[in-house]
Amino acid sequence: KCEKTETPEIGEEAKIGPKPDKAQLRSQFQLFSKFGDKSSDGSTIKLSQSDKWFKQAGVIKHKGVSSTDTLIAFSKVSKKAPNLSFPAWCKFLDEIATAKKLDVNTIKTKLVESGAPGITGGTKTKKSAAMKRLTDTSKYGAAHRQRLDSPGRGKGKEGSVDSKSDGHLHGNKDKKGAGAKKK
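Residues numbered from 1 in each chain as written. Predicted model: local features only at pLDDT ≥ 70, side-chain atom pairs only at ≥ 80, totals over all residues. Heavy atoms only, no water.

Time to look at the pattern of salt bridges. All told, the structure shown has three salt bridges when counted by the stated rule. In this structure, Asp 37 engages Lys 46 in a salt bridge whose closest nitrogen and oxygen atoms are separated by 3.6 Å. You can call Lys 46 partly exposed: its relative accessible area is 34%. In this structure, Lys 76 engages Glu 95 in a salt bridge whose closest nitrogen and oxygen atoms are separated by 3.3 Å. Pair noted here: Lys 76 is in helix 3 (residues 67-78) and Glu 95 is in helix 4 (residues 86-100), with a separation of 19 residues, a long-range link. (Salt bridge = Lys/Arg side-chain N within 4 Å of Asp/Glu carboxyl O. Buried < 20%, exposed > 50% of the residue type's maximum accessible area, 1.4 Å probe, protein only. Helix = DSSP H or I, 4+ residues; strand = E, 2+ residues; numbered from the N terminus.)

Before going further, it helps to examine the nonpolar core. Trp 53, Phe 54, Trp 89, Phe 92, Leu 93 and Leu 111 are the most contacted members of the largest nonpolar core, which has 26 residues in total. Here the element with the most residues in this core is helix 4; it accounts for eight residues. For Leu 93, the contacting residues outside a window of four places in its chain are Phe 54, Val 104, Ile 107, Lys 108 and Leu 111. (Core = buried A, V, L, I, M, F, W, Y, C linked by side-chain atoms within 4.5 Å. Contact = heavy atoms within 4.5 Å.)

Using the criterion set out here, one finds seven aromatic pairs in the structure. For the ring pair Phe 74 and Phe 92, a centre distance of 5.6 Å and an interplane angle of 80° mean the geometry is edge-to-face. Within this pair, whereas Phe 74 is found in helix 3, its partner Phe 92 is found in helix 4, the two being separated by 18 residues in sequence. Aromatic rings pair up to connect Phe 29, Phe 32, Trp 53, Phe 86 and Trp 89 into one cluster. (Phe/Tyr/Trp six-rings, centres within 6.5 Å; stacked < 30°, edge-to-face > 60°.)

Our next topic: the environment of Ile 72. Counting through the fold element by element, Ile 72 comes out in helix 3. Overall, Ile 72 belongs to the partly exposed group, its relative accessible area being 44%. In this structure, the C-alpha to C-alpha distance between Ile 72 and Ala 99, residues 27 residues apart in sequence, is 9.9 Å.

Despite not being glycine, Lys 80 shows a phi value in the positive range, around 75°. The topology assignment puts Lys 80 in the loop between helix 3 and strand 2 (83-85). Lys 80 sits in the exposed class, given a relative accessible area of 84%. For Lys 101, which is not a glycine, the phi torsion comes out positive at approximately 55°. On the secondary structure map, Lys 101 appears in the loop between helix 4 and helix 5 (104-113). For Lys 101, a relative accessible area of 75% translates into the label exposed.

Here it is as structure tokens:
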């Protein structure tokens, strides 16, 4: 169960964050457990999916919790199983929190507030002078000009396949006797 809250010992000060909504955490768990796995029913989550969620929520950072820390905690809780159920995953969160001396409620709140799984970053294309020169169709001759559209993107198969021929050679089409049987 994800309702465990660690209380500090007498004389020990610990930062205890606000308690997150368990239903929201479970729904986020289901979303991330289905993300990138079409066969998943949302009841179990893989380490890679959990790490993706942690990165999106800002739990995994350059300093602090790392993917190595999550791997160690995951293997302690899972005992060689590839997936964790929601209650086991909550134990996994407790394991990370105790290992890194963090408040588990703060981690859970970050995870709830991270939103639905999405693709972050993405590949951005940079238009350099060389790229502009290479995709300028006015500098191409003959059939190569047909392979790119006006913004300079490739047309794919459309640009490299010739249109269907009518069976005649273009030079002989209008001449008398071309294509006719010889007597």
